[in-house]
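# Summary of the model geometry
The primary structure of each chain is shown beneath.
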Amino acid sequence: MLDYLITSKTRLRLLIKFFSNPKNQGHLRGLADEFGESTNAIRKELNHLSEAGLLLKTAESNKIDYKANTQHPLFSNLHDLIQKYLGFDQLLATVLERMGDVDQVALVGDYARGLHTGKLKVQISGDEVNEEYLDRLSERIKELIDKEVEFQVTAEITHPDALFLYQKSS
């Protein structure tokens, strides 16, 4: 649905890259290679988003790195919108529904890095997590959000690029 509101595919890809996970950053050539697009198309959209204050620029040697401006008044709204567009809200609700005692749920891999590839890697930590339910859940989530999901149960989530969708409050 978001692709009907934001008709520029390049702009939508950049919004997904930077607003799905605020840790994500990138530079012009790297983004052009990652998206398989021309540097001119990427530069144009980066300039628009930077001028709007949505992206911050950091100059380092002869390259400029971009990242989401988490202080922008619309950051949390865009972050939530992108997460809903990618189906993370439905994924989380479905996982927490009958999983047992879950401490953390995080995305790792492509989606945590802002790459919209169609395959989610989800790590779950907690005591007595219902692993049988996870096997059945993969198919249900695929129907809900049209993405393949690979679950991994772990004692603790330590992946450096992890995008935490849920953390149990102490």
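From a predicted model like this one, the values you see are computed outputs, not experimental measurements.

Let us look at the confidence of the model for the chain. Within the chain, residue pLDDT values average 87, and 99% of them lie at 70 or more. Averaged pLDDT values over the elements of the chain bottom out at 76 in helix α1 (residues 2–5) and peak at 95 in helix α4 (residues 39–51).

Relative to the helices and strands, Gln123 resides in strand β5 (residues 119–127). Side chain to side chain, Gln123 and Gln152 meet in a polar contact 2.9 Å long. Setting aside its immediate chain neighbours within four residues, Gln123 contacts Gln104, Val105, Ala106, Val108, Gln152, Thr154, Ile157 and His159.

So, on to the sheet that holds β5. Note: strands within a sheet are paired through backbone hydrogen bonds, in either parallel or antiparallel orientation. Taking strand neighbours across the sheet as the criterion, the 4 strands line up as β6-β5-β4-β7 in an open arrangement whose pairing is mixed. Two strands close off the open sheet at either side, each with one partner strand: β6 (148–154) and β7 (163–167). Averaged over neighbouring strand pairs, the angle between their axes works out to 20° when direction is ignored. Across 4 bridges, the pairing between strand β4 (residues 101–108) and β7 is antiparallel. Paired with Gln104 across the bridge in β7 is Gln167.

Moving on to the layout of surface pockets. In this structure, the largest pocket encloses a volume near 280 Å³. Surrounding the largest pocket, 14 residues form its lining, Lys9, Arg13, Ile16, Phe35 and His116 being those nearest its centre. Only α2 (9–19) and α3 (28–35) provide two or more residues apiece to the lining of the largest pocket. If one sorts the elements of the lining of the largest pocket by residue count, α2 sits on top with 4 residues. When grouped by side-chain class, the residues that make up the lining of the largest pocket number 6 nonpolar, 4 polar and 4 charged. Put simply, the second largest pocket is a space of about 170 Å³.

Here we come to the nonpolar core. Phe19, Leu91, Ile124 and Phe151 are the most contacted members of the largest nonpolar core, which has 46 residues in total. If you tally residues by element for this core, the top one is α2, at 6 residues. Sequence-distant contacts of Phe151, defined by excluding residues within four places in its chain, comprise Leu91, Val95, Val122, Ile124, Leu134, Leu137, Ser138 and Ile141.

For the rest of this paragraph, the subject is the pairing of β4. With 6 of its 8 residues buried, β4 lies for the most part within the structure. Sheet topology note: the β4/β5 ladder contains 7 bridges and is antiparallel. Looking at the pairing, Leu107 lines up with Val122 of β5.

For Ala32, the location among the structural elements is in helix α3. Ala32 sits in the buried class, given a relative accessible area of 5%. Sequence-wise, Ala32 and Leu91 are 59 residues apart; in three dimensions their C-alpha atoms are separated by 30 Å. Contact partners of Ala32, with chain neighbours within four places excluded, come to Glu37, Ser38, Thr39 and Ile42.

Reading guide: rules and limits
The numbering scheme is per chain: residues are counted from 1 as the chain's sequence reads. Whole-chain, interface and lining totals are the exception, using all residues; otherwise, since this is a predicted model, local features are given only for residues with pLDDT of at least 70 and side-chain atom pairs are given and counted only at 80 or more. In computing side-chain values, all of the structure's heavy atoms are included and hydrogens and water are not. pLDDT expresses, on a scale from 0 to 100, how confident the predictor is about each individual residue. Strands here mean DSSP runs of E at least two residues long; helices mean DSSP runs of H or I at least four residues long; both are numbered from the N terminus. Here a polar contact means two N or O atoms within 3.5 Å. Within protein one must be a hydrogen donor candidate and the other an acceptor candidate, and residues neighboring in sequence count only if both atoms are side-chain atoms. Residues are treated as being in contact if the distance between any of their heavy atoms lies within 4.5 Å. By the convention used here, strands pair only if DSSP detects at least 2 bridges between them. An axis is simply a line fitted to the C-alpha atoms; with a helix, the fit covers only the stretch in contact. Between two such axes, the angle follows the N-to-C directions and lies from 0 to 180 degrees. Detection works on a 1 Å grid of protein atoms alone, calling trapped sets that fit a 1.4 Å probe cavities and calling open sets with protein on both sides within 12 Å along at least five of seven lines pockets, with lining residues defined by an atom within 4 Å of a point. Grid points are joined across faces, edges and corners, and a volume is the space filled by probe spheres set on the points. As a working rule, the residues Ala, Val, Leu, Ile, Met, Phe, Trp, Tyr, Cys and Pro are called nonpolar, Asp, Glu, Lys and Arg charged, and the rest polar, with Gly in that last group. Here, nonpolar core means buried Ala, Val, Leu, Ile, Met, Phe, Trp, Tyr and Cys residues that are tied together by side-chain atoms lying within 4.5 Å of each other. Only protein chains enter the area calculation, which uses a 1.4 Å probe; residues under 20% of their type maximum are buried, those over 50% are exposed, and those in between are partly exposed.

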